[in-house]
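Next come the chains, spelled out residue by residue.
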There are 2 protein chains.
Amino acid sequence: MAHDCIFCRIVAGEIPAQVVHDDDRALVFRDVNPQAPTHLLVIPKRHVASADHLTREDEGLAGHLLLAAGEAARSLGLAGDGYRIVTNIGRNGGQTVSHLHLHVLGGRSLGWPPG
Amino acid sequence: MAHDCIFCRIVAGEIPAQVVHDDDRALVFRDVNPQAPTHLLVIPKRHVASADHLTREDEGLAGHLLLAAGEAARSLGLAGDGYRIVTNIGRNGGQTVSHLHLHVLGGRSLGWPPG
């Protein structure tokens with residue numbers, strides 16, 4: 001855990017969040033600044049700075065996060081109309097919290113380009 | 001292979017692509033309609049309709065795709081300034097080819113919301 005990391009503090013229960021899914025490796029909760037009618041964040045419980053910081057040893061974790069994103073989307077009824085999964089890395093990506101997170105956005109038609 | 005799938009036909013070598021990375025499970029190539037100075041597509045060689053169609057048996061494949069996206073981004077020098085990884089599912093997601101693909105966009109600052 002990184003004590004100055006807001007997402008680690010959510011994992012630790014020190015900061016509240018609207019949790020949608022919780023397992024041994026991942027947490028899914030609602031974004032506090034939603035950009036779509038449904039906007040979730042999928043994070044690893046272990047601190048990983050971004051998707052660019054995943055190593056080959058993390059292949060299972062990375063897959064778990066992507067699958068958890070889909071499972072959460074389906075559980076909230078997004079699959080029929082569709083949704084988008086996004087992860088930002090660094091400045092050009094627009095990453096605002098240095099703890100890997102997948103955004104899941106649904107409930108409206110998402111435009112192109114994606115930012 | 002789905003014979004009516006343009007990405008399966010790229011995997012089969014029937015349609016040319018600017019390939020950046022090629023391994024036993026994944027292919028990375030440049031998007032023909034780039035939305036950023038660098039715009040890559042990361043696809044599984046096996047036909048999977050979207051990220052929503054991945055099952056728990058695909059955890060390793062899903063992780064491999066996410067790691068391959070980062071590796072390709074780093075190999076092209078995107079990591080320093082950052083980049084964005086996006087995958088679209090269905091109509092609301094704006095999915096245009098029904099074969100799972102991760103977009104990797106870099107070389108410019110990407111705005112928010114992501115579409």
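Calculation criteria
- Residues numbered from 1 in each chain as written.
- Chains lettered and ligands numbered in written order.
- Predicted model: local features only at pLDDT ≥ 70, side-chain atom pairs only at ≥ 80, totals over all residues.
- Heavy atoms only, no water.
- 1 Å grid on protein atoms, 1.4 Å probe; cavity = no way out; pocket = protein on both sides within 12 Å on 5 of 7 lines; lining within 4 Å.
- Points joined across faces, edges and corners; volume = space filled by probe spheres on them.
- Helix = DSSP H or I, 4+ residues; strand = E, 2+ residues; numbered from the N terminus.
- Nonpolar A, V, L, I, M, F, W, Y, C, P; charged D, E, K, R; others polar.
- Buried < 20%, exposed > 50% of the residue type's maximum accessible area, 1.4 Å probe, protein only.
- Polar contact = N/O pair within 3.5 Å; in protein donor to acceptor, adjacent residues only side chain to side chain.
- Contact = heavy atoms within 4.5 Å.
- Least-squares fit on C-alpha atoms with pLDDT ≥ 70 in both.
- Expected span 1.5 Å × (residues − 1).
- Pairing = 2+ DSSP bridges.
- Salt bridge = Lys/Arg side-chain N within 4 Å of Asp/Glu carboxyl O.

A. Representation of the layout of surface pockets. Approximately 410 Å³ is the volume found for the largest pocket. Lining the largest pocket are 22 residues, with F7, D31, V32, N33 and L41 of chain A positioned closest to its centre. Of all elements in the fold, only α1 (6-11) and β2 (26-30) of chain A reach the threshold of two or more residues within the lining of the largest pocket. Classifying every residue of the lining of the largest pocket by side-chain character gives 11 nonpolar, 9 polar and 2 charged. In this model, the second largest pocket occupies a volume close to 330 Å³. For the lining of the second largest pocket, the secondary structure elements donating two or more residues are α1 (6-11) and β2 (26-30) of chain B.

B. Local environment of the side chain of H103 of chain A. The residue H103 of chain A is located in strand β5 (residues 102-106) in this model. Given a relative accessible area of 5%, H103 of chain A falls into the buried group. At 2.8 Å, the side chain of H103 of chain A and the side chain of H39 of chain A are in polar contact. Residues within four places of H103 of chain A in sequence aside, it is in contact with D31, H39, L40, L41, R84, I85, V86 and N88 of chain A together with W112 of chain B.

C. Inspection of the relation of the copies chain A and chain B at higher detail. Of the transformation placing chain A onto chain B, the axial shift is 0.0 Å and the rotation is 180°, giving an RMSD of 0.0 Å. Here the symmetry operator amounts to a two-fold rotation axis.

D. Representation of helix α2 (residues 59-75) of chain B in the model. All names here are of chain B. Relative to the 24 Å expected for 17 residues at 1.5 Å per residue, α2 spans 24 Å between its end C-alpha atoms, a close match to the ideal helical length. The buried fraction of α2 amounts to 13 of the 17 residues, a majority that puts the element mostly inside the structure. Looking at the residues trailing α2, positive phi occurs at G77, about 80°.

E. Up close: the pairing of β5 of chain A. Residues and elements named next belong to chain A. A large share of β5 lies buried, amounting to 5 of its 5 residues. Here β5 shows a buried face lined by L102, V104 and G106 and a second buried face lined by H103 and L105. In the sheet, strand β3 (residues 38-44) pairs with β5 via 5 bridges, with the strands oriented antiparallel. Paired with V42 across the two strands is L102, which belongs to β5.

F. Spotlight on the pattern of salt bridges. Scanning the entire structure with this criterion turns up 16 salt bridges over all chains. The partner of R74 of chain B in a salt bridge is D52 of chain A, with the nearest N and O atoms 2.9 Å apart. Placement of the pair is R74 of chain B in helix α2 and D52 of chain A in the loop between β3 and α2 (59-75), with the two residues belonging to separate chains. When its relative accessible area of 33% is taken as the criterion, R74 of chain B is described as partly exposed. Counted as one network, the salt bridges with shared partners bring together R25 and E71 of chain A together with R56 and E59 of chain B.

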